[in-house]
4 protein chains.
Amino acid sequence: MLRVGLLGAGRIGQVHAVNIAGHMGSELVAVSDVNMDAATALATKFGAKACSSEEILADDSIDAVLVATSTDTHSDFIEAATAAGKAVLCEKPVDLSLARAKACLEKSAATGKPVMIGFNRRFDPNFASVKSASLAGEIGKSELLSITSFDPAPPPVSYIKVSGGLFRDMMIHDFDMANFLMGDLPKTVRAVGSSIVDPAIGEAGDVDTAVVTLTYADGRIAVIKNSRRAVYGYDQRVELLGSDGLLSAANMLENTVSKSTVAGVTSAKPTYFFLERYMPAYAAEWDAFVTALAEGKPMPVTLEDGIAALAMAEAATESAKTGAAVEVAL
Amino acid sequence: MLRVGLLGAGRIGQVHAVNIAGHMGSELVAVSDVNMDAATALATKFGAKACSSEEILADDSIDAVLVATSTDTHSDFIEAATAAGKAVLCEKPVDLSLARAKACLEKSAATGKPVMIGFNRRFDPNFASVKSASLAGEIGKSELLSITSFDPAPPPVSYIKVSGGLFRDMMIHDFDMANFLMGDLPKTVRAVGSSIVDPAIGEAGDVDTAVVTLTYADGRIAVIKNSRRAVYGYDQRVELLGSDGLLSAANMLENTVSKSTVAGVTSAKPTYFFLERYMPAYAAEWDAFVTALAEGKPMPVTLEDGIAALAMAEAATESAKTGAAVEVAL
Amino acid sequence: MLRVGLLGAGRIGQVHAVNIAGHMGSELVAVSDVNMDAATALATKFGAKACSSEEILADDSIDAVLVATSTDTHSDFIEAATAAGKAVLCEKPVDLSLARAKACLEKSAATGKPVMIGFNRRFDPNFASVKSASLAGEIGKSELLSITSFDPAPPPVSYIKVSGGLFRDMMIHDFDMANFLMGDLPKTVRAVGSSIVDPAIGEAGDVDTAVVTLTYADGRIAVIKNSRRAVYGYDQRVELLGSDGLLSAANMLENTVSKSTVAGVTSAKPTYFFLERYMPAYAAEWDAFVTALAEGKPMPVTLEDGIAALAMAEAATESAKTGAAVEVAL
Amino acid sequence: MLRVGLLGAGRIGQVHAVNIAGHMGSELVAVSDVNMDAATALATKFGAKACSSEEILADDSIDAVLVATSTDTHSDFIEAATAAGKAVLCEKPVDLSLARAKACLEKSAATGKPVMIGFNRRFDPNFASVKSASLAGEIGKSELLSITSFDPAPPPVSYIKVSGGLFRDMMIHDFDMANFLMGDLPKTVRAVGSSIVDPAIGEAGDVDTAVVTLTYADGRIAVIKNSRRAVYGYDQRVELLGSDGLLSAANMLENTVSKSTVAGVTSAKPTYFFLERYMPAYAAEWDAFVTALAEGKPMPVTLEDGIAALAMAEAATESAKTGAAVEVAL
């Protein structure tokens, strides 16, 4: 039984708490949060203790920590937790700074403790099915990947300002998805962006609509489309064209009902946002972490994966500014 | 080149005229209609002559006639045309009277001339694909057939009164579809009906909503649903469950566009009515007739098929009245 | 906090245990089972006590019991639990005997304690959405209901023999769905059945494929199709035609991936069976029970509902035997 | 009645011949082709005369010509036909050389005769529906356009060599579609391309897989994906994201049948290639030409439209070579 400490009792921490407690191979032992009331409420519900993050890291009976705190603390907690001898599952991104993330990798790798980065979408049953079908050769050699990734509504501009920008904050998931589905890093990144959804986002120095083209050493191409606003819900799709066919993952819908009237045929919208869409993915992600630890296998998503996505985000940010193609530098 | 006379220049006659003239193996030579202006207009457009039906039947240069006149003349024209040595493609139904249809079969069969009944739905690419997949054993042994067949709007009550009733006028197509897809005639017919769409239809002695269950000697079952009104368009679907799977033919839609908004996802309605939905089927039907004649093969749909569907309609009419199961008598 | 005793620790009992323990308003206090090991395992996992059903019924600290035992014990437990002052959620069916179910209603009603019957499908988000759209008048006046309900594979013949037959064991869910969606009981039942999937089922006196037609006093019609075998998975769909349109609930699929190759476009199958398909429905069902108790509202599904479905099953069983229409007698 | 001469009796000329002859407002009078046998066969079938292109241009009784000859003759025929006082519908592209196309525009515009370019996809019912819904404001302000356009199989390398390259030969349709749906020309073109489908195409100096990003002065973005090979058929889709929703045009399928088995659910492929997919579009295109002439309205697609698409193709060709963004210069 894996004894787990949860750092962060916010919205995503609560999702993880349910999965940790509900998993047959793990137990939620302790919860910390900068807001002690939040930590206490969550801990109580699952019979865990509420305490400080320092206490969790110092508790030798705790095998693993799940880091669900604010982004600026991720690197520090990864380093501290591995130094304390714990396995770590840390929410993405590793850090907003590529240099800091690399330093974190160096330091944590030295401890030999396993670190997994929470790119939850890899565990979405739809995207995972695309990956396994591609690996199985069902569409031959992959050639052209297309990722559509639209949020239902833009976050507040105050958030935008500290987010690191669309490429680091939002498209980073899609960069990892490209790495996951293509099984390789791109050579070059070309990005265009626009603040057409909300000029205030542009005034804050960010874009809200962007298209990024990735080219690979072997001639393959990937394209990622992001928008901060799709009023009909969370639009999360991928298409992978190969020499023998096309794999396509469509959205999950709120229900399967259609209504046919003189006005047309109306069906349900996509599930609203990431908590609804990726709820099964979070559970599968946790299971993958627990299983890899139990079996002594490599982490299914590594710190290196987190760094690769971050490097692509940096390249895209630069490309969108300069208009030029940018090589991905790791 | 098959030289063809067309009897009937109404709406469906015009559809046939285009197919006859456009087919590489046939030529539209003459057109007749009780409304001579209609015959003239249609004939002119396609370089044919307008004349009386008697002249068409007497013209030895004409190889085949297509009967697209009113139902009460079908039997007479089939008999007269075969007696005149012509191949016949006659619109359904053969007749509203089973006895009359049987007499027509006897008389026309004696001439040895081929007669095809226009059950156009057999040539719909979707239903034809269900049939060929079923014949190819793709779902194993068929067990349970379900036919959904709704018109967009009821005809005028004046038409209802002379139509022979829903089972002879509307469901007769579905009876033939059952015979086509099941490859056998049912043993027993059970029908329930209601005039829930329009009480005036009930007052005219007919039903506008009906469900018929067919049972077969080998234990298979089929169910047919009819409604005179589906406000969203012509709803024409079949499902065939077999030991190894399910074949399902969905509606054809006006276009492939969907619109996703906060109100849901809206897509196009089914094509509005039979002329839109079955336009390709009419062309394929004509091609099947011309090809069978050219190759000396049996008619793809026979007078016997028309009589079988009519016998089922009679049984259903009786069952809906008495509430009892009725054996199909040929 | 509702304190709950669970009678029955089998497959469906385990599903309920998770929902009881996971619900914010309920607590799993005790578990009983004829197999004490099963009760102990389940109780331990959720911090409840394992004990006998008698102990649960005698424990005054327990507010409600969930009856998930074998069908033949349902009536007895409903009576005993209500007599012991507990609210009851009992799995369907109430009993295989209509007379016994009616006696159970009389006895338990006298206690004044609330009893809910577990027709879980009413809480499926898809069917619930059809119901609410229909109630909201989105398709006008309902006219014709069609229910498709196929199991993936037939149960063992040994089970068939004690099941009460397809109409009581399997179609009873669909009878309740008809009652739910039509908001009324049918007047007449017509059933045809066949043992075409497996002759051994016929030899055991049951059918494996059946079509039932229901007619209503106001002229509406419903048709239910059942098969014990749909090799592609659990096929659970409804269609409701109304004066202003059609509501249609399709299957839930294993994932949203499609693969396009020279062989066609392949997508995922329906979720395999009831545990997969109705997992969200079981949670919603439990929530509805807890909420109704907390708010002092009527049970969302009553013992009377269970008896109505059973009466329809008896009528269908008779109709399939005699071939005649049978009036529904409550 | 518009009297029409057809230049070119090849595959696409035959499609046009049927539409010209079948249209109520036009008549096919003459057919020319470098292969006189082809011209004669086609002319005979429709009661037209076979003759040289010179004779057609010299025939004052001919009101309009449809140019369906090889690309290198388009500009010359447009100039000659307008000079001869005829209206022209010319297949795309105007020319492979932007300079030549501009000269053609200048010369033909001087005659005052109407010239329409055959961007048939604008008349596809699906894309036309996206356009009209967008114009009607159904998704608010458009922001991000995505065009997927894959051919089923690459043409022979011999054709590639004289085609002008993927951007001029294949993507030119998609450039026009972008212009059509966005209602504006892009400011900048960024292209990446690869010969991953067939290295021989790369050796011939062309690409077979490409992604082009278009940016607009008002901040909108469009992305076009091309592949010369989608083994499952002609993949022709568009998606337009706007402030109030998404419009999406899916492929047209060979039929509506799906088959559910243990192996999954299989449905039909997209219609195979442009003749199948765009057959209705060609008829609608011809109707638009005839109607505009009859009503004295502007051509629905102009020579300027042809030049705009060509200018984008030139920019894309350059961008794919240099790796830099290229401004669109008209």
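Here, every reference points to the structure presented above.
Residues numbered from 1 in each chain as written. Chains lettered and ligands numbered in written order. Predicted model: local features only at pLDDT ≥ 70, side-chain atom pairs only at ≥ 80, totals over all residues. Heavy atoms only, no water.

## Quick word on the overall build of chain A
Part 1: Within chain A one finds 13 helices and 15 strands.
Part 2: The globule rule puts the C-alpha radius of gyration for 330 residues at 20 Å, and the 20 Å found for chain A is close to it.
Part 3: If one aligns the C-alpha atoms of chain A with their principal axes, the spans along those axes are about 55 × 50 × 45 Å.
Part 4: Counting across all 330 residues of chain A, residues that qualify as buried make up 59%.
Part 5: Across chain A, every contact between residues at least 6 apart in sequence was considered, and the portion connecting residues at least 24 apart equals 70%.
Part 6: Of the roughly 11,500 Å² of accessible surface on chain A, 55% is carried by carbon and sulfur atoms.
Part 7: A distance of 3 Å separates the average location of the 28 positive side-chain charges in chain A from that of its 40 negative side-chain charges. (Helix = DSSP H or I, 4+ residues; strand = E, 2+ residues; numbered from the N terminus. Rg over C-alpha atoms; globule rule 2.2 N^0.38 Å. Buried < 20%, exposed > 50% of the residue type's maximum accessible area, 1.4 Å probe, protein only. Contact = heavy atoms within 4.5 Å. Areas by Shrake-Rupley, 256 points an atom, 1.4 Å probe, with all protein chains shown as cover. Lys, Arg positive; Asp, Glu negative; His and termini not counted. Charge placed at Lys NZ, Arg CZ, Asp CG, Glu CD.)

## Things to note about the interface of chain D and chain B
Part 1: Taken together, the 25 residues of chain D in the interface contact 25 residues of chain B.
Part 2: Between chain D and chain B lies a buried interface of about 1,800 Å² when both sides are counted; carbon and sulfur atoms form 49% of it.
Part 3: The tally of links from chain D across to chain B stands at two salt bridges.
Part 4: We note a salt bridge from Glu138 of chain B to Lys259 of chain D, for which the minimum N-O separation is 2.7 Å.
Part 5: Taken together, the connections running from chain D to chain B amount to 10 residue pairs in polar contact (both at pLDDT 80 or more).
Part 6: Mapped onto the side of chain D that touches chain B, the elements with two or more residues apiece are helix H6 (125–135), strand S12 (245–249) and strand S13 (257–261) of chain D.
Part 7: Its residues placed into classes, the side of chain D that touches chain B shows 10 nonpolar, 11 polar and four charged.
Part 8: Relative to S12 of chain D, strand S13 (residues 257–261) of chain B runs antiparallel, the two sharing four bridges. Looking at S12 of chain D, one finds that Ser258 of chain B is bridged to Ser248 of chain D. (Buried area = accessible area lost by both parts, 1.4 Å probe. Salt bridge = Lys/Arg side-chain N within 4 Å of Asp/Glu carboxyl O. Polar contact = N/O pair within 3.5 Å; in protein donor to acceptor, adjacent residues only side chain to side chain. Nonpolar A, V, L, I, M, F, W, Y, C, P; charged D, E, K, R; others polar. Pairing = 2+ DSSP bridges.)

## Some remarks on the packing of aromatic side chains
Part 1: One pass over the structure, following the stated rule, counts 20 aromatic pairs over all chains.
Part 2: Between Trp286 of chain C and Phe289 of chain C, the ring centres sit 5.2 Å apart and the planes meet at 40°, which makes this aromatic pair tilted. One end of the pair, Trp286 of chain C, and the other, Phe289 of chain C, are both in helix H12 (residues 279–295), three residues apart, so they sit about a helical turn from each other. Comparing Trp286 of chain C with Phe289 of chain C shows no difference in burial state: the two are buried.
Part 3: In this structure an aromatic cluster arises from ring pairing among Tyr234, Tyr272, Phe273, Phe274 and Tyr278 of chain A.
Part 4: Between Lys131 of chain D and the ring centre of Phe180 of chain D, over which it is positioned, the NZ or CZ distance is 5.1 Å. (Phe/Tyr/Trp six-rings, centres within 6.5 Å; stacked < 30°, edge-to-face > 60°. Lys NZ or Arg CZ within 6 Å of the ring centre and 35° of its normal.)

## Concerning the relation of the copies chain D and chain B
One copy of the chain maps onto the second through a rotation about an axis and a displacement along it.
Part 1: For the pair chain D and chain B, the superposition axis carries a translation of 0.1 Å, the fit reaches an RMSD of 0.1 Å, and the rotation angle comes to 180°. What we have between these two chains is a two-fold relation. In terms of C-alpha distance to the rotation axis, chain D has Gly22 of chain D as its closest residue, with the C-alpha 4.6 Å off the axis.
Part 2: Same-surface contact between copies: 100% of interface residues of chain D are shared with the interface of chain B. (Least-squares fit on C-alpha atoms with pLDDT ≥ 70 in both.)

## Regarding the interface of chain A and chain D
Part 1: With 39 residues of chain A at the contact, the number on the chain D side is 39 residues.
Part 2: Roughly 2,900 Å² of surface becomes buried between chain A and chain D when both sides are summed, with 64% attributable to carbon and sulfur atoms.
Part 3: At the boundary of chain A and chain D, one finds four salt bridges.
Part 4: Linking Glu239 of chain D and Arg237 of chain A is a salt bridge whose minimum nitrogen-to-oxygen distance equals 2.5 Å.
Part 5: Among the elements of the structure, strand S7 (142–150), strand S8 (188–194), strand S9 (209–215), strand S10 (221–227), strand S11 (235–242) and strand S12 (245–249) of chain A are those that each provide at least two residues to the side of chain A that touches chain D.
Part 6: Here the side of chain A that touches chain D is composed, by residue class, of 15 nonpolar, 13 polar and 11 charged.

## Some thoughts on the relation of the copies chain A and chain D
Part 1: Between chain A and chain D, which share one sequence, the superposing operator has a rotation angle of 180° and an axial displacement of 0.0 Å; the RMSD is 0.0 Å.
Part 2: Interface overlap between copies is the fraction of interface residues in one copy that are interface residues in the other; for chain A against chain D it reaches 100%, indicating a shared surface.

## Quick look at the sheet that holds strand S3 (residues 49–50) of chain C
All names here are of chain C.
Part 1: Pairing is parallel in the open sheet, where six strands are placed in the order S3-S2-S1-S4-S5-S6. Unpaired on one side and paired on the other, S3 and strand S6 (115–118) mark the two borders of the sheet.
Part 2: Across four bridges, strand S1 (residues 2–7) lies against strand S4 (residues 64–67) in parallel orientation. Residue Leu7 lies in a different strand from S4, and its bridge partner there is Val67.

## Looking at the side chain of Ser146 of chain C
Part 1: The topology assignment puts Ser146 of chain C in strand S7 (residues 142–150).
Part 2: A polar atom in the side chain of Ser146 of chain C sits 3.1 Å from the side chain of Lys225 of chain B.
Part 3: Other than its neighbours up to four places away in sequence, Ser146 of chain C contacts Lys225 of chain B together with Val223, Arg237, Val238 and Glu239 of chain C.

## Side note on the side chain of Thr271 of chain D
Part 1: Counting through the fold element by element, Thr271 of chain D comes out in the loop between strand S14 (264–267) and helix H11 (274–277).
Part 2: Ignoring any residue separated from it by four or fewer positions in sequence, one finds Thr271 of chain D in contact with Tyr234, Met252, Leu253, Glu254, Glu276 and Arg277 of chain D.

## Observations concerning unusual backbone geometry
The bulk of non-glycine residues show a negative phi, and the bulk of peptide bonds are trans.
Part 1: Residue Pro93 of chain A is reached from Lys92 of chain A by a cis peptide bond, and omega for that bond is -10°.
Part 2: Mapped onto the secondary structure, Pro93 of chain A falls in the loop between strand S5 (87–91) and helix H5 (98–111).

## Some words on the environment of Ser146 of chain C
Part 1: We classify Ser146 of chain C as buried; its relative accessible area is 6%.
Part 2: As for Ser146 of chain C and Ala178 of chain C, which are separated by 32 residues in sequence, their C-alpha atoms are 8.7 Å apart.

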